[in-house]
2 protein chains.
Amino acid sequence: MTVTVKRIFHFHEGNANMTSLLGGKGANLAEMTNIGLPTPPGFTITTDVCREYYKCNGRLPEGLIDEVTAALTELEKVKNQTFGNADNPLLVSVRSGSVTSMPGMMDTILNLGLNDQTVKGLARNAQDARFAYDCYRRLIQMFGNVVFGIESYSFEIKLHELKSKKKYENDSDIPAEDLLVLIEEFKQLIRYQVSREFPQDVHEQLRLAIEAVFQSWNNQRAKVYRKAYGIPSEQGTAVNIQSMVFGNLGEQSGTGVLFTRNPSNGEDELYGEFLTNAQGEDVVAGVRTPIPILYLKQKFPFIYDQLFETSYLLEKQYKDMQDIEFTIENQQLYILQTRNGKRTAQASVKIAVDLSKEGVITKEEALQRIEVNQLEQLFHRSIDDENELKVIGKGLPASSGAASGQVVFDPDTAQELSMDGKKVILVRIETTPEDIHGVLASQGVLTSRGGMTSHAAVVARGMGKPCVCGCSELELDQDENCFTVEGIAVQEGDWISIDGSTGRVILGQIKLKDPEISDELSTLLEWADDIRDLKVYANADNGKDAKKAREFGAEGIGLCRTEHMFMSPSRLPIVQSMIMAQSYEERKIHLDRLMPWQQSDFEELFSEMNGLPVTIRLLDPPLHEFLPKLEELLLQKQRIDLGVDKDVDRNELESLIVKVRNLHEMNPMLGQRGCRLGILYPEIYDMQIEAIFRAILSSLQKGLEVKPQLMIPLISDVNELKRLKALVDQVAEEILGEELKYCNYEVGTMIEVPRAALTANEIAQYAEFFSYGTNDLTQMTFGYSRDDAEGKFLDQYTEEKILDHNPFEVLDQKGVGRLIQWSAEQGKMVKPKLKTGVCGEHGGNKESIFFCQQIGLDYVSCSPFRIPLARIAAAQSAIELN
Amino acid sequence: MTVTVKRIFHFHEGNANMTSLLGGKGANLAEMTNIGLPTPPGFTITTDVCREYYKCNGRLPEGLIDEVTAALTELEKVKNQTFGNADNPLLVSVRSGSVTSMPGMMDTILNLGLNDQTVKGLARNAQDARFAYDCYRRLIQMFGNVVFGIESYSFEIKLHELKSKKKYENDSDIPAEDLLVLIEEFKQLIRYQVSREFPQDVHEQLRLAIEAVFQSWNNQRAKVYRKAYGIPSEQGTAVNIQSMVFGNLGEQSGTGVLFTRNPSNGEDELYGEFLTNAQGEDVVAGVRTPIPILYLKQKFPFIYDQLFETSYLLEKQYKDMQDIEFTIENQQLYILQTRNGKRTAQASVKIAVDLSKEGVITKEEALQRIEVNQLEQLFHRSIDDENELKVIGKGLPASSGAASGQVVFDPDTAQELSMDGKKVILVRIETTPEDIHGVLASQGVLTSRGGMTSHAAVVARGMGKPCVCGCSELELDQDENCFTVEGIAVQEGDWISIDGSTGRVILGQIKLKDPEISDELSTLLEWADDIRDLKVYANADNGKDAKKAREFGAEGIGLCRTEHMFMSPSRLPIVQSMIMAQSYEERKIHLDRLMPWQQSDFEELFSEMNGLPVTIRLLDPPLHEFLPKLEELLLQKQRIDLGVDKDVDRNELESLIVKVRNLHEMNPMLGQRGCRLGILYPEIYDMQIEAIFRAILSSLQKGLEVKPQLMIPLISDVNELKRLKALVDQVAEEILGEELKYCNYEVGTMIEVPRAALTANEIAQYAEFFSYGTNDLTQMTFGYSRDDAEGKFLDQYTEEKILDHNPFEVLDQKGVGRLIQWSAEQGKMVKPKLKTGVCGEHGGNKESIFFCQQIGLDYVSCSPFRIPLARIAAAQSAIELN
């Protein structure tokens, strides 16, 4: 057999740039080896092999095992140990290593190479039987879990039973003889559960472990994580086989995790945690609560200094904050992994700005460092009023921001309730990677065990969700679905709040306040504004939002949805009467009552946005959205018919039913809404337009500078726009009269129906601007009703890679984007001054902003809290594309 | 004032080609004047003036009246009479004359120029006071109706009361003194109803009449007619002012309508009706039942010969069958109007073929003569079994074809019931133009009065609806909503049938049979096949339809909708169980039961279409379409909860509700349907594909030539097609095995989602054909839900000319068409052999077929009965575009 492609790289053969082939972990191990850090030797099986493995329907490629054996032989020479040798056994770890970091999402096996014989050799050589059997029981447990798919929990129970029975407090208290019993129980467990034996052949161990790592690439939690972070499933994982060092060799040993800066707030300080006499996953799994890294300074000052230097070295090498795993074996430091550290958005901003100020990176690089899709978390809320909080507990401040929600105790319930629109806080003893869907569905996470680097903390930080970890006062009874703290019992469904910035757990729902912008973020935003071309507008429907938007740097309002003004409890009854009206005249009476309200809505907006454009969209949703649901009315009528309800006016109910039936639509998204309403009931638009121009007039009289933009929704044919623009012009003249010359109002349209895009050359003749309503445009271009697609077939579509992304989250460039690009070009051909932009959720999405920049749109409009994000993304796109 | 545009044309100044300026009637009057036919002199006010009138918001353009007066003066000279002169008054008719013929849809006033003084002069000169006062009361009646908007009915009642009281049988029996009384009553009526006086000033009469004609262009029935026939509202109407001749001057006078060939069947024979001592509208209004034209031969042989000659002359001149209005005044023939005659589709075909065979026109002209959108009426059904019909009456066979329906007595009810999906027959004493919406909504029309040229007959023929007219045995009691005939009382809602080809009225519902193709049509279709490029396929879901389609000349099946096979009563319960299944395994059991049925469906199709392509679309509609409606289930559940219903299994109902809720969609059109089903529930498509290939196998074994085309619906991304094509290929191999090489099956897709069109270059890589589903493509491109648009805002859109056409009837070329053209080009660039066609309702629409030809598609597919129509339209488009 001829080997044409190199499938195995020893650490000294690779470097940090080989991530796509060696995975992140492998490439970094190689880099560290080369810069002389104390990294245990080993080798990496490439991601190519993983792809090949899946191409062969889950079989290891021919010849691979021979190559592994050869690499192992080389390793044996370096370590002067022999794999499977009973006297001087070489032990290795087998770890996955994906291209994009997926912390804890995939599988690892330590201490591989132990069997009933070699364990004795290890014990002999280490002169510590307890240590050797501890390693062995860990191997069996991890192997059973990863290779045979047995829940870790089953093993943990046995361990727990043993400890209870013998009253051992810590794992390390268990003596060798008890571990020996435990090992037999573990083997028995495997035998019972999967009818297989734990393999005594160490080469079989290795082969099965390699296969299991490849398989772990497609396990459920890895899929969920990839989906959440948009990681392509073709990347595959590498497998790292590394000689073992032992943190569980007694009190002079240990294992830890270190961030070169504080990942929570970005401060320039060593940050991390450490457990003595522990191995591998013990720290991140959150099984025991570790001690802060600072204590190392006292315990092992020499090692602390070494870590400090290593930190400096690695930051210089990688030009970014590092997340380092290390092990201390008998006071000897080993670096097992480094990678760019996950961090909160706040830390991300501070670190980027600091690194730039330190001269390590440029302003442009600082801007490019920001993962804008994560920035939103900076705008998560905090506790509004610190007084009178019923603080019932305190844990670790694991992920910033505060949240309130109803307590749930398992991720499935969290998901269900959140789909019903409920806000929930997920409360767990500790979270495991299997819980990720529950974390996604929750407002925040609270755990009773685990540290700042536990899964719950890492995952929550990545998602920008508040998280409080390791709140040990919490007594959690998962069977009873409740927890007790300070004698207070909290049941599923009760409201609690958490403050992820301080670690507080608070009883009841609390008022949250909006975030403020840090100095570093201000600096970064200034840098962004100097660089970007795209304007950033806000979607804001009222004065309060407009004010917030302006604070966040909005250069105008790109979308004010006037229907939100119809929905307020005081107005809704009038809106309903207006809809129920039998005649034009009757409808007009109710509209006249609504007008002053609308007028003052607009006055507020004009005042807040003095000097900036304000784009007001005329009424868009179908009228039946303002009426009760047909099925409820029918049930009510039946109750009257059956004599159960007696206090209801039957005639009134019947005429309501007639109206609701009349307005009922099979596909409301494609029905009587948008400009179609304006054409069917011109009096409604007439009222809105009049209110806008009255507001303009009074604002002008107050000396404000008004830049009103009237936006007609759901245009599908130029004649709709032509007619409604004429209506606007007519009302403008009627209301403004002489003042007209002081008011450069503009009329434009949403481009959200494919036909509008296809006939853009006609439509541009009557429009001063095109605002792409990418939500509806996506719905119609794909033929997807968002309500019916998301959480239904669309999930399967993205999971099975029929689509790369959910097109409602990331703008589809092939279809929707083509319509946008083509129509913007056509429109500008007809009217060179035509302004074009995107409003809707894509306006705050990074990839979509890049696309807007690429095709030369003028602006994006997004929700106020996304404005800073959009400013940075716009700068990033300018840097990347100019 | 300078007159720059000629606004008035005397008849001798115009010709037949000036239709768009002079209207049809005016242009033809001019033509007849010029070829020397006995046409009373007069002049025409152009359609320009009408447009100007509407531009001036309904005011006559300045100077027009002066020009009219001048033209009148010229007319006075020719006629040697003076308008308004008491001794020798000139009387004129004022008639509308639109560009496109709209028979009876617009207004006419005769005898204008009469007042209390001139009527005496007319009486003196005619030596017939009865005649003169008859003219005068007609003028007041028509004037009151047309100018003042008073219902004719109000006048008719007075006339009727007078006749009853004095026991006069016919209008002509009323002596002058009674007419004088009637005239005063008519004047009084006007005074009471509109507080105005009938104008004695003849110039005021004229001015008001002209204005009224212009206004009539926008009356309700004219709008409805224009909409039904797609006549642009910008055309406007001309006004014809013509000196009067009198058919009501006694028994030597009369008025009639003549077709140069039989408009019902196309036979080459004079065809028409005549009333002695009658004027103007008497014949077409159907007030008295006229006598056939043949009787003229006996009564006025000289005039009959003159009419025969005139017919010949006009057919030669216009190269088409003519519809002529004439008046006999004291044995003197006058031709008042000629136009191309309306005809049934059957007559249209025969006349075109005959004219071509007579050498008057070419084959191509013959084909172009066919109004294909009307051809469908040829395929209306006739009575299947002539035995045991309960014939209860007989009228005139006014429009071919038979129909069954429930009796309704007014057009509004007809419309309501038909919207509820009911089949109705509209029964009226006589129909008026105001009834047109009722005729549109009915299966057929039955009247007790009126002849073959009455409105009911003309309108029904135009629409291809069966109609029986003048069934005088019918005693109709509109107040009681019933009619009696031969002692049998028929109530509203009872079933009757009519046979428009024989005039029979039949009690009850009868079985109808499908039409056959006439020799002339066969000839024409052969000519069409020689000329056309486009292939014509059929939409057919079962063997019966396929057979019919093949008879009609289908060259394959372009669309078999497999869901229709799911809907049959015997299968639906299994389909429902399949949907309700809790697991894949359970669902599979039900699918396995459906499979043999599906297989035999396909076997039937393959057998009928032996040698021709059969395109089978996999399941398309959302699954909830097969389940009961949620609101009904909820009502039922409430009844159980309230203890009213007791016999229902509550658990079963509840789990049904859960399932229905689960499948419920906000916008089902854009939901979980089409290929999305195939991806979510691969077992459903799997079953269908297996059934298809099993049917192919058994058909091959029977020695049939099978050309199967598997069509995947609702593709929006190439990956959907890629995956489902792989499924097809896999099943094909499994089932066919060795036989695979004898079966060139093809896999293709519907292009019905805009994104599919936009990514056609990708999709074409996996598709052998593109079938444009123009229904859905129109829905999504416009953002129109057809269910919610038609009968709602879309009506207003076409009426108010926001859209030129209902895009579901006539393919939108600007938007939808652009997507089709572009994607077909892209597709063929990737795969030159890619076949492209349109299925869906546009496939049988003439304008749409023209568009398909124009952009180079390969085929159209339409319902079997439209196949001949499509063959002719395809030929017409080839003639016009090649």
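Definitions and cut-offs
- Within each chain, residue numbers correspond to sequence positions counted from 1 in written order.
- All chains are assigned letters beginning with A, and all ligands numbers beginning with 1, in the order in which they are written.
- For this predicted model, a pLDDT threshold of at least 70 governs which residues receive local features, and a threshold of 80 or more governs which side-chain atom pairs are given and counted, while totals over whole chains, interfaces and linings are taken from all residues.
- Only hydrogens and water are removed before side-chain values are computed, so all heavy atoms of the structure are retained for them.
- UniProt positions are given in the numbering used here, feature names are shortened, and annotations may be inferred rather than shown by experiment.
- The nonpolar core is taken to be a set of buried Ala, Val, Leu, Ile, Met, Phe, Trp, Tyr and Cys residues, with the residues joined through side-chain atoms within 4.5 Å.
- Exposed residues in this analysis have more than 50% of their type's maximum accessible area, buried residues have under 20%, and partly exposed residues fall in between, with area computed by a 1.4 Å probe over protein chains only.
- Residue contacts are defined here by distance: any two heavy atoms, one from each residue, within 4.5 Å place the two residues in contact.
- Elements are defined by DSSP. Helices are runs of H or I of four residues or more, strands are runs of E of two residues or more, and each kind is numbered from the N terminus.
- Strands pair, by our definition, only if DSSP identifies at least two bridges between them.
- A pair of Phe, Tyr and Trp rings is counted when the ring centres sit within 6.5 Å of each other, with Trp represented by its six-membered ring. The angle between the planes then sorts it: under 30 degrees is stacked, over 60 is edge-to-face, the rest tilted.
- Lysine and arginine charges are scored as sitting over a ring when NZ or CZ, respectively, is within 6 Å of the ring centre and within 35 degrees of the ring normal.
- Least-squares fitting of one copy onto the other uses the C-alpha atoms of those residues that reach a pLDDT of at least 70 in both copies.
- Comment: axis = line fitted to C-alpha atoms, over the contacting stretch for helices; angle = value between 0 and 180 degrees taken between N-to-C directions.
- Expected span, for any helix, means 1.5 Å times one less than how many residues it has.
- Defined here as a combined quantity, buried area equals the accessible surface (1.4 Å probe) lost by two parts on assembly, summed across both.
- Here, a salt bridge means any Lys or Arg side-chain nitrogen found within 4 Å of an Asp or Glu carboxyl oxygen.
- Two N or O atoms count as a polar contact when they lie within 3.5 Å, although within protein this holds only if one can serve as hydrogen donor and the other as acceptor, and sequence-adjacent residues are included solely when both atoms are side-chain atoms.
- Domain segmentation is taken from an automatic or database assignment of domains.

Looking at an unreviewed UniProt entry, one finds chain A named Pyruvate, phosphate dikinase and attributed to Chengkuizengella axinellae. One UniProt comment on chain A, placed under Catalytic activity (unreviewed entry), says "pyruvate + phosphate + ATP = phosphoenolpyruvate + AMP + diphosphate + H(+)". Within the UniProt record for chain A, the comment given under Sequence similarities (unreviewed entry) is "Belongs to the PEP-utilizing enzyme family."

Draft legend 1. Representation of the nonpolar core. Counting residues in each nonpolar core, the largest one holds 335 residues, and the members touching the most others are F693(A), I872(A), F693(B) and I872(B). Those residues in contact with F693(B) that sit more than four places away from it in its chain are L710(B), V728(B), V731(B), A732(B), I735(B), L736(B) and Y745(B).

Draft legend 2. A look at the pairing of strand 7 (residues 271-276) of chain A. Residue and element names in this part refer to chain A. Where burial is concerned, most of strand 7 is hidden: 6 out of the 6 residues are buried. By the alternation rule, side chains of strand 7 split into Y271, E273 and L275 and G272, F274 and T276, which are all buried. Across 6 bridges, strand 6 (residues 254-259) lies against strand 7 in antiparallel orientation. Bridge pairing in strand 7 places F259 opposite Y271.

Draft legend 3. Seen up close, unusual backbone geometry. Residue and element names in this part refer to chain A. Positive phi, normally seen in glycine, also occurs at S195, with a value near 55°. Looking at the secondary structure, you find S195 in the loop between helix 7 (176-194) and helix 8 (202-216). Residue classification places S195 among the exposed positions, given a relative accessible area of 66%. At Q331, a residue that is not glycine, the phi angle is positive and equals roughly 65°. Along the chain, the position of Q331 falls in the loop between strand 9 (322-329) and strand 10 (332-340). Residue class for Q331 comes out partly exposed when judged on its relative accessible area of 44%.

Draft legend 4. Layout of the packing of aromatic side chains. Within the structure shown, the criterion is met by 36 aromatic pairs over all chains. Ring geometry for Y784(B) versus F793(B): centroids 5.2 Å apart, planes at 75°, classification edge-to-face. Given the relative accessible area of 0%, Y784(B) is considered buried. Taking the relative accessible area as the measure of exposure, F793(B) reaches 0% and is therefore buried. Ring pairs connect the aromatic residues Y136(A), F143(A), F148(A) and F198(A), which therefore count as one cluster. Its guanidinium or amino end placed over the ring of W217(A), R226(A) lies 4.0 Å from that ring's centre, counting from NZ or CZ. Positioned above the aromatic ring of F9(B), the side-chain terminus of K6(B) is 5.0 Å from the ring centre.

Draft legend 5. Main features of the relation of the copies chain B and chain A. When chain B is fitted onto chain A, the two copies agree to an RMSD of 0.3 Å after a turn of 180° and an axial shift of 0.3 Å. Read as a symmetry element, the transformation amounts to a two-fold axis. Measuring from the rotation axis to each C-alpha of chain B, the shortest distance belongs to N667(B), at 2.0 Å. Residue by residue, 100% of the interface of chain B is reproduced at the interface of chain A, so both copies engage with the same surface.

Draft legend 6. Spotlight on the sheet that holds strand 20 (residues 488-491) of chain B. Residue and element names in this part refer to chain B. The antiparallel open sheet is built from 3 strands, whose spatial order is 18-19-20. Only two strands of the sheet have a single partner each, and these edge strands are strand 18 (475-477) and strand 20. Going from strand to strand, the sheet's axes swing by 20° on average, the running direction of each strand aside. Pairing of strand 19 (residues 482-485) with strand 20, which is carried by 4 bridges, proceeds in the antiparallel orientation. Across the sheet, V485 pairs through a bridge with I488, a residue of strand 20.

Draft legend 7. Geometry of helix 12 (residues 345-357) of chain B. All names here are of chain B. Helix length check: helix 12 (13 residues) gives 18 Å between terminal C-alpha atoms against 18 Å at 1.5 Å per residue, within 8%. Summarising burial for helix 12: 11 of the 13 residues are buried, a large majority. Taken together, the buried positions of helix 12 are occupied by A345, A347, S348, V349, K350, I351, A352, V353, D354, L355 and S356. Residues of helix 12 that are buried in the fold lie against helix 11 (301-318), helix 13 (363-369), helix 14 (372-375) and helix 18 (519-531). One or two residues past the end of helix 12 sits G359, with phi positive at roughly 85°.

Draft legend 8. Fine view of the interface of chain B and chain A. On the side of chain A, 58 residues touch chain B, which itself brings 58 residues to the contact. Both faces considered, chain B and chain A share a buried interface measuring about 5200 Å² in area, 53% of it formed by carbon and sulfur atoms. Close ionic contact of D812(A) with R755(B) constitutes a salt bridge, the shortest N to O distance being 2.6 Å. Where chain B meets chain A, there are 39 residue pairs in polar contact (both at pLDDT 80 or more).

Draft legend 9. View of the UniProt feature "domain: Pyruvate phosphate dikinase AMP/ATP-binding" (unreviewed entry) in chain A. This chain's UniProt record puts "domain: Pyruvate phosphate dikinase AMP/ATP-binding" (unreviewed entry) on residues 58-301 and 306-355 of chain A. Overall, residues 306-355 of chain A shows 48% helix and 34% strand. The separation of its end C-alpha atoms is 22 Å.

Draft legend 10. Spotlight on the pattern of salt bridges. All names here are of chain A. The final tally for this structure, using the stated rule, is 104 salt bridges over all chains. Of the charged contacts in the structure, one is a salt bridge between R561 and D541, with a shortest N-O distance of 3.4 Å. Taken as a pair, R561 in strand 25 (residues 557-561) and D541 in the loop between strand 24 (535-539) and helix 19 (543-551) lie far apart in primary sequence, 20 residues in all. On the basis of relative accessibility, which here comes to 23%, the residue R561 falls in the partly exposed class.

Draft legend 11. Layout of the domain arrangement of chain A. Residue and element names in this part refer to chain A. Looking at chain A, the domain boundaries give domain 1 (74-243), domain 2 (254-340), domain 3 (381-513), domain 4 (532-621 + 673-881) and domain 5 (628-672). Just the C-alpha atoms count here: the centres of domain 4 and domain 5 sit 33 Å apart. Contacts between domain 4 and domain 5 engage 12 residues on the former and 10 residues on the latter. For the domain 4 and domain 5 pair, buried surface summed over both sides reaches about 910 Å², with 60% attributable to carbon and sulfur atoms. The largest share of the area that domain 4 buries against domain 5 comes from I579, M580 and R673, three residues that together contribute 47% of it.

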